[in-house]
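Notes for the structure review
Here's the letter readout for the chains.
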Amino acid sequence: MKRKSAPNLSDTGAKRAPRQDPVSCESCRRKKLKCNRQRPCSSCVTRRLACSYGISLERIEPTVEVENASQTHTVPSSQGIRGQPRETGAVTASSITNPRPTRTSKESLKTADWLENIVMAGRVSTSVSRHLQEEASLSEAAHDLSRDNGDSRLGAVAPDFFRHRLASRENPMTVDLVSYLPEMSKTMGLFRYYCQFIDYLYHVIIPSRVEDQINRIYHCIDKGLPVNLAQLALLFSILASSVYFQYSNGLSTFAERCSREFTFLAGAALIRSNYIACPTVEGLQASVIVMHYLPNPNFHSSVYSLFLHGTIISQAKNLMLHCIDSSRSQEERAANGFDATELELKRRLWWDIASFDWLLGFLSGPQEWTYLINPQLMNVREPLNIDDEGIQDRAVATSSPMSEPTQMSYTLQRLNLAAVCREIVDMTAYEHMHGIDVGYDKILELDRKLHQAYNNLPEFYRLDSVSRRRFADLYRSRPTIAWQRCLLQLAYHSRFCRLHRLYFIRGAREPAYSYSHVICLQSARKVLEIKRIMDEEEPRFMPPTSAVWSVMHHVFMGAVILLMDVCFNWDDLLADKRKQEVLDACRMLSKAQRTSSLVSQGIQAMMDVLQKHWKSGKHSSADGQASNLPSSPALGATAVAEPAQTIPYQDSANTIDIKDSSTDPSFMLGQNESQERPLEDIWTEMLDSGGDLNFAIPDWTDLLTELTNATLRCS
């Protein structure tokens, strides 16, 4: 019996029409996948396919579908308008409307389609690439949050921010930058959030100036004109930090991914503008914002080097910011005139970078006990203590007294702390580098310098009850002053603790060093008190401090200092009261673990270090290996970042570097324990067993150092 010949697939007239309209989209029916029947459905969004419910799929040639998919999602050419040469310093808005598929993208999509249908079949969900998984989870996270919590803000942001494609999957030299900009209203909303809740930490922009630049960017897009790439990079950096902080509480994974994409776009704009060879003020601002607020380890490898501390210092010097006020520069300004606003902005940028550099020198990490900017090899006046509106274009602006709060008050106080930290490095670096004990007379001398700077804080930055009552109205009208007050206090008390920690245990035993023991305990208790003020008193912090890793790092370190003291004096008459202090701090940490996944990762990293020392026979950390976890640049972190730490912490833009002792069974037991058991149970057990511990001074000093290194900065 003869077998019938195969029907001709091109003969569409021979096919019988379906008896009812399909309920699944064409792509899902063809691949035999479950369709959620949305428009577009989640399956098509994940696979970057055109989602259609119209004509039966059998009537469409497979190659046509691939062609359409590639034309829909391929990166537009960087040539801009046809026939015009590519701009070096700008990108044209017309490149959005006429995307041109490339041969490589077509072949890639065909290959992916073949692998899905023939090779992977039903295993696609576990075999797709990491980038596609991130893309899908990013979209689903935004959808779930807006659906479950009714948060219209996030629901409004997510569809436009990388729902259908990830910018970081594209080539930074050819990515169509302006196509990733959100609508003007959403951009301005994120910009205002930055100005209200982030900018007060590192005031490196003048908001009115940046707002004019944003309006100019969108005007050029509307008119099809070239966009200034340096200004575009600055805008993307602001969007990255705003998204990170605005949506970090409870959805830190989503916030981190969005900010990573905007950071990549900022880096791509810098690369396209030839920033390394020809730096600009706006490009430097963009780099500084990313360095301060966002976690470096998550940056795309193609843009990572742009935001390193050393690169930023090099670019600032290329702009000649280190000699703004040299005699030659002053003569040139007198002869040619100058923009007073831009001049003051450059001074602010330089001193922000310099103070950050000096603060890093007194923090654990690769730059500990050293710094890159020599104060003898620069000539830059300190920024004026004035608000942005006080800078005049033609007249010489005068600085307000330090007793008067301005937008620059916090920056100038942070600079004073940085100068003392630089002196500490100068006086003690040799001993630390050569393994020599720092003489106690040096510790006391540096303590006097640090206390002198602390006592010179303006009254509105003090925490005593008299100052708090006197400036209550100021804090209500300008909440950023109240927030800066807490962050500066955290900064100073953490530095006191770090300076004296070498003599903390010895001070409990030897009367000659008792001052260090007392200072460490006072500073640790002050940190916990400040955290309670942040949580309970008005004005409340934004975002909440429990979602800010740097603040919680200080709390953890303060709790460890108190824990060590309780265990050393376990038979003291006030031991029960001291145990309660430790457990109160532990409850703060437990609450923070439920608030932010990034903060939870940081606490877990420090718990692993703490339990490794607690369970190990010698309490030693010599066999530790470093591993990286993402950290939250945390608002406060940043601000306090460099300044603040309860024992040196790193900056807001840091990584969590933990010690991995996977070869130590007792460490692995402790690690699993801390992941499964409540923190309060673990700390209670440590308190109960603390009297049996051996307090060898080098071992416990190593513990404090290693806990600090749980937040190393990659630079």
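None of the values given here were measured: they were computed from a predicted structure. (Residues numbered from 1 in each chain as written. Predicted model: local features only at pLDDT ≥ 70, side-chain atom pairs only at ≥ 80, totals over all residues. Heavy atoms only, no water.)

All right, on to the confidence of the model for the protein chain then. Chain-level pLDDT for the protein chain is 75 on average; 67% of the residues reach the 70-or-more range. Looking over the protein chain, one finds the lowest element-wise mean pLDDT in strand S4 (residues 655-660), namely 31, and the highest in helix H17 (residues 440-455), namely 97. Within the model, the stretch residues 108-137 combines pLDDT values under 50 with 37 contacts to residues more than four positions away or in other chains. Every residue in residues 617-674 is under pLDDT 50, and counting partners more than four places away or in other chains gives 244 contacts. (pLDDT = per-residue confidence, 0-100. Helix = DSSP H or I, 4+ residues; strand = E, 2+ residues; numbered from the N terminus. Contact = heavy atoms within 4.5 Å.)

Moving on: the side chain of Ser242. With respect to the helices and strands, the residue Ser242 is situated in helix H10 (residues 229-246). Those residues in contact with Ser242 that lie beyond four places of it in its chain are Leu190, Tyr193, Tyr194 and Ile198.

Our focus in this paragraph is the packing of aromatic side chains. Considering all chains together, one arrives at 19 aromatic pairs under this definition. Look at Phe460 and Tyr461: their rings are 4.7 Å apart centre to centre, the planes differ by 65°, and that puts the pair in the edge-to-face class. One exposure class covers both Phe460 and Tyr461, and it is buried. When the ring of Trp483 is compared with that of Phe541, the centres are 5.6 Å apart and the planes differ by 35°; the resulting orientation is tilted. Taken together, the positions of Trp483 in helix H20 (residues 479-500) and Phe541 in the loop between helix H22 (514-536) and helix H23 (549-568) put the pair 58 residues apart, joining distant regions of the chain. Judged on exposure class, the residue Trp483 and its partner Phe541 are both buried. (Phe/Tyr/Trp six-rings, centres within 6.5 Å; stacked < 30°, edge-to-face > 60°. Buried < 20%, exposed > 50% of the residue type's maximum accessible area, 1.4 Å probe, protein only.)

Turning our eyes to something else, we now look at the environment of Val560. On the secondary structure map, Val560 appears in helix H23. Classification of Val560 as buried rests on a relative accessible area of 1%. Each C-alpha atom, one on Val560 and one on Trp683, is 10.0 Å from the other, the two residues being 123 residues apart in sequence. Excluding its chain neighbours within four sequence positions, the residues that come into contact with Val560 are Leu610, Trp683, Leu704 and Leu707.

Time to look at the pattern of salt bridges. By the definition in use, this model includes 22 salt bridges. Between Arg498 and Glu368 there is a salt bridge, with its nearest N and O atoms 2.4 Å apart. With Arg498 in helix H20 and Glu368 in the loop between helix H15 (340-361) and helix H16 (409-433), this pair connects stretches of sequence that are 130 residues apart. For the salt bridge of Glu537 with Arg468, the shortest nitrogen-to-oxygen distance reads 2.3 Å. With Glu537 in the loop between H22 and H23 and Arg468 in helix H18 (residues 465-470), this pair connects stretches of sequence that are 69 residues apart. Exposure remark for Glu537: the relative accessible area of 30% places this residue in the partly exposed category. Through salt bridges with shared partners, a single ionic network connects Asp325, Arg333, Glu344 and Arg347. (Salt bridge = Lys/Arg side-chain N within 4 Å of Asp/Glu carboxyl O.)

This part covers H15. The first and last C-alpha atoms of H15 sit 32 Å apart over 22 residues, in line with the 32 Å expected at 1.5 Å per residue. The buried fraction of H15 amounts to 20 of the 22 residues, a majority that puts the element mostly inside the structure. With a side-chain oxygen lying 2.9 Å from the backbone nitrogen of Thr341, the N-terminal cap of H15 falls on Asp339. (Expected span 1.5 Å × (residues − 1). Polar contact = N/O pair within 3.5 Å; in protein donor to acceptor, adjacent residues only side chain to side chain.)

A word on the packing of H16 against H20. Look at H16 against H20: their axes get within 11 Å of each other, and the N-to-C directions meet at 5°. As far as their axial angle goes, H20 and H16 are roughly parallel. Note on element contacts: H20 touches H16 through Gln484, Leu487, Leu488, Ala491, Tyr492, Arg495 and Leu499, opposite Tyr410, Gln413, Arg414, Leu417, Cys421 and Ile424. Among the residues forming the contact of H16 with H20, the class breakdown is nine nonpolar, two polar and two charged. (Axes fitted to C-alpha atoms, helices over the stretch in contact; angles between N-to-C directions. Parallel < 35°, antiparallel > 145°, perpendicular 65-115°, else oblique. Nonpolar A, V, L, I, M, F, W, Y, C, P; charged D, E, K, R; others polar.)

Looking now at unusual backbone geometry. Geometrically, the link from Glu538 to Pro539 is a cis peptide bond, its omega value of -5° lying close to zero. Here Pro539 lies in the loop between H22 and H23. The phi torsion at Trp369 lies on the positive side, around 70°, for a residue other than glycine. Tracing the chain through its elements places Trp369 in the loop between H15 and H16.

Since one α-helical turn is 3.6 residues long, residues separated by three or four positions face the same way. For helix H8 (residues 184-197), built from 14 residues, the straight-helix expectation of 20 Å at 1.5 Å per residue is met to within 8% by its first-to-last C-alpha distance of 20 Å. Where H8 is concerned, the buried positions are Thr187, Met188, Leu190, Phe191, Tyr193, Tyr194 and Phe197.

Turning to the packing of H10 against helix H12 (residues 281-293), a few remarks are in order. One way to put it is that H10 packs onto H12 with a least axis distance of 7 Å and a crossing angle of 20°. The angle between H10 and H12 places the two elements in the roughly parallel class. Crossing of H10 against H12: the hand is left-handed. Residue-level contacts link Ala230, Gln231, Ala233, Leu234, Ser237, Ile238, Ser241 and Phe245 of H10 to Glu282, Gly283, Gln285, Ala286, Ile289, Val290 and Tyr293 of H12. Looking at the contact of H10 with H12 residue by residue, the classes come out as nine nonpolar, five polar and one charged. (Left-handed = near helix turned anticlockwise from the far one by under 90°.)

Moving on to the side chain of Asp388. Along the chain, Asp388 falls in the loop between H15 and H16. Among all residues touching Asp388, those that are not within four sequence positions of it are His203, Ile205, Ile206, Pro207, Arg348 and Gln407.

As a further point, take the environment of Gln38. Looking at the element boundaries, Gln38 is found in the loop between helix H1 (26-31) and helix H2 (42-47). C-alpha of Gln38 to C-alpha of Cys25: the two residues are 13 residues apart in sequence and 8.9 Å apart in space. Not counting the four nearest positions on each side in its chain, Gln38 is found in contact with Cys51 and Tyr53.

Turning our eyes to something else, we now look at the state of the cysteines. Scanning the entire structure with this criterion turns up zero disulfides. Looking at Cys497, it has no disulfide partner, and the nearest cysteine sulfur is the one in Cys520, 4.2 Å off. Using a relative accessible area of 1% as the deciding quantity, one classes Cys497 as buried. (Disulfide = S-S within 2.5 Å.)

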